[in-house]
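# Residue-level structural notes
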Amino acid sequence: MRVLVSIVLSLAALGVQGQPYPSKPIRYIVPFAPGGTTDILGRMVAAGLSSSFGQPVVVENKPGQAGSIGSTELARATPDGYTVGGGTISSHAINVTLYPSLPYDPVKDFAPITMLATLPNMLIVHPSLNVNSVKELIELLKSNPNKYSFGSAGNGTSQHISGELFKIMTGTQMQHIPYKGSGPMIPDLLAGTIQLSFENITTAYPPVKAGRLKALAVTSSRRSFVAPDVPTMAEGGLAGYDISSWQAMYAPAGTPKEIVARLHAETAKILRAPENQKKLSDLGLDAGGMSPDELLALMRSDIPRLGKVVRESGAKVD
């Protein structure tokens, strides 16, 4: 009798293990607050995967420390394909240098899935500053050291480092105010509580189009197709200024390669879907889709490049 029970239990276990992936709901961790670019992309991917997999993909926002809190939770999750998440140039490149005791290794502790999108940041200012160009802003800041504040989606985000690079190249001084994402930062900028930001173009441009904020420049080496009339930082007088943000998708290290390959293939399809291509374009995003190996190579390149900016700026965790 005991032998029979043992055989039945073993067969039951094999049946569960042999179920095709996925056979239950998937968690998608967004390491920033709702409303920002990472959240928008995460929800797009989650909806697409839910449809293609026939299983719910539940988004959970875990904001804080430039994506480090949510990324730590993702790194420590069981590597079975049922927990995935977003990652950014902040959480998976900049934070290595900025945080002296980061609780995860962005290269060793994750299985890259794919790039979701790339985008420039946009230097936006509150109208009360009465400036219309990068040159005028520099003059204002030099005349009023530390009087004005720039907001970011958190310490170590691309917005933060864009601001620090600006300070290095212009010799200006201003206060950095970190938030737990772009969602809570934008209302304070609109209210004039902070005066400027180097925000992702996705969330920066809508209030610019509405006339509520002014756009002075984009942080990339080329103008954005979304706002072709807005000059680059280099065109504004800062030759060599170039920081673009990226958004990616990861699983915990050790996730089976066949599951990573399936997630990559399905996510790439989602990004190529015409309705999503239009949505990404409207948001100022260039759709991704690169292979896991290509994403890993990008990370290995950006970690030292952006670490140099962090060290030279003297940026600290506030």
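Quick look at the environment of S221 now. Structurally, S221 can be placed in the loop between β8 (214-218) and β9 (244-252). Owing to a relative accessible area of 52%, S221 belongs among the exposed residues under this scheme. When neighbours within four sequence positions are excluded, S221 is seen to be in contact with T232 and D242.

If you add up the space inside the largest pocket, you get close to 330 Å³. If you go around the largest pocket, you meet 18 residues; those closest to its centre are P120, S220, R222, S244 and D286. Considered class by class, the residues forming the lining of the largest pocket number five nonpolar, seven polar and six charged.

Moving on, we get to the side chain of T232. Positionally, T232 belongs in the loop between β8 and β9. Not counting chain neighbours up to four residues away, the residues in contact with T232 comprise A217, V218, S220, S221, R222 and R223.

For the rest of this paragraph, the subject is the side chain of T114. Relative to the elements of secondary structure, T114 occurs in strand β4 (residues 110-125). Within polar-contact distance, the side chain of T114 engages the backbone oxygen of M290 at 2.7 Å. Apart from the residues lying within four places of it in its own chain, the contact partners of T114 are A248, M249, H264, T267, G289, M290 and L295.

What follows is about unusual backbone geometry. Cis geometry marks the peptide bond from Y21 to P22; its omega dihedral reads -5 degrees. We note that Q65 has phi near 55 degrees; this positive angle belongs to a residue other than glycine. Here Q65 lies in the loop between β2 (57-61) and α3 (68-75). For Q65, a relative accessible area of 46% corresponds to the partly exposed category. For N146, which is not a glycine, the phi torsion comes out positive at approximately 60 degrees.

What follows is about helix α9 (residues 257-272). Compared with an ideal rise of 1.5 Å per residue, which puts 16 residues at 22 Å, α9 spans 22 Å between its outermost C-alpha atoms and is within 8% of the ideal. Those residues of α9 not exposed but buried are I259, V260, L263, H264, E266, T267, A268, I270 and L271.

On to empty space enclosed by the protein. Rolling a probe over the atoms, with the probe sized like a water molecule, indicates the empty space that remains. Per the counting criterion, the structure on display carries one cavity of 30 Å³ or more. Counted as a void, the largest cavity has a volume near 130 Å³. Lining of the largest cavity is provided by 18 residues; of these, F32, T38, A153, Q159 and N200 occupy positions nearest its centre. Among the secondary structure elements, those contributing two or more residues to the lining of the largest cavity are α2 (37-53), α6 (158-170) and β9. Top element by residues in the lining of the largest cavity is α2. It accounts for three residues. The residue makeup of the lining of the largest cavity, split by class, is four nonpolar, 13 polar and one charged.

Moving on, we come to the packing of aromatic side chains. Within the structure shown, the criterion is met by six aromatic pairs. A centroid spacing of 5.8 Å and a plane angle of 70 degrees characterise the contact between Y21 and F53, whose relative ring orientation is edge-to-face. Taken together, the residues span a long stretch of sequence, with Y21 in the loop between α1 (2-17) and β1 (26-30) and F53 in helix α2 at a distance of 32 residues. The interplanar angle of 55 degrees and the centroid separation of 5.4 Å between the aromatic rings of F166 and F198 together place this pair among those described as tilted. Taken as a pair, F166 in helix α6 and F198 in strand β7 (residues 196-200) lie far apart in primary sequence, 32 residues in all.

To continue, consider the environment of L263. Note that L263 resides in helix α9. The spatial distance from the C-alpha of L263 to the C-alpha of M249 is 9.5 Å, given a sequence separation of 14 residues.

Structurally, L298 is set in helix α11 (residues 292-313). Along the primary structure L298 and L119 are separated by 179 residues, whereas in three dimensions their C-alpha atoms are 15 Å apart. In contact with L298, other than residues within four places in its own chain, are M115 and W246.

Criteria and thresholds
Residues numbered from 1 in each chain as written. Predicted model: local features only at pLDDT ≥ 70, side-chain atom pairs only at ≥ 80, totals over all residues. Heavy atoms only, no water. Helix = DSSP H or I, 4+ residues; strand = E, 2+ residues; numbered from the N terminus. Buried < 20%, exposed > 50% of the residue type's maximum accessible area, 1.4 Å probe, protein only. Contact = heavy atoms within 4.5 Å. 1 Å grid on protein atoms, 1.4 Å probe; cavity = no way out; pocket = protein on both sides within 12 Å on 5 of 7 lines; lining within 4 Å. Points joined across faces, edges and corners; volume = space filled by probe spheres on them. Nonpolar A, V, L, I, M, F, W, Y, C, P; charged D, E, K, R; others polar. Polar contact = N/O pair within 3.5 Å; in protein donor to acceptor, adjacent residues only side chain to side chain. Expected span 1.5 Å × (residues − 1). Phe/Tyr/Trp six-rings, centres within 6.5 Å; stacked < 30°, edge-to-face > 60°.

The values are spatial; any link to function lies outside them.
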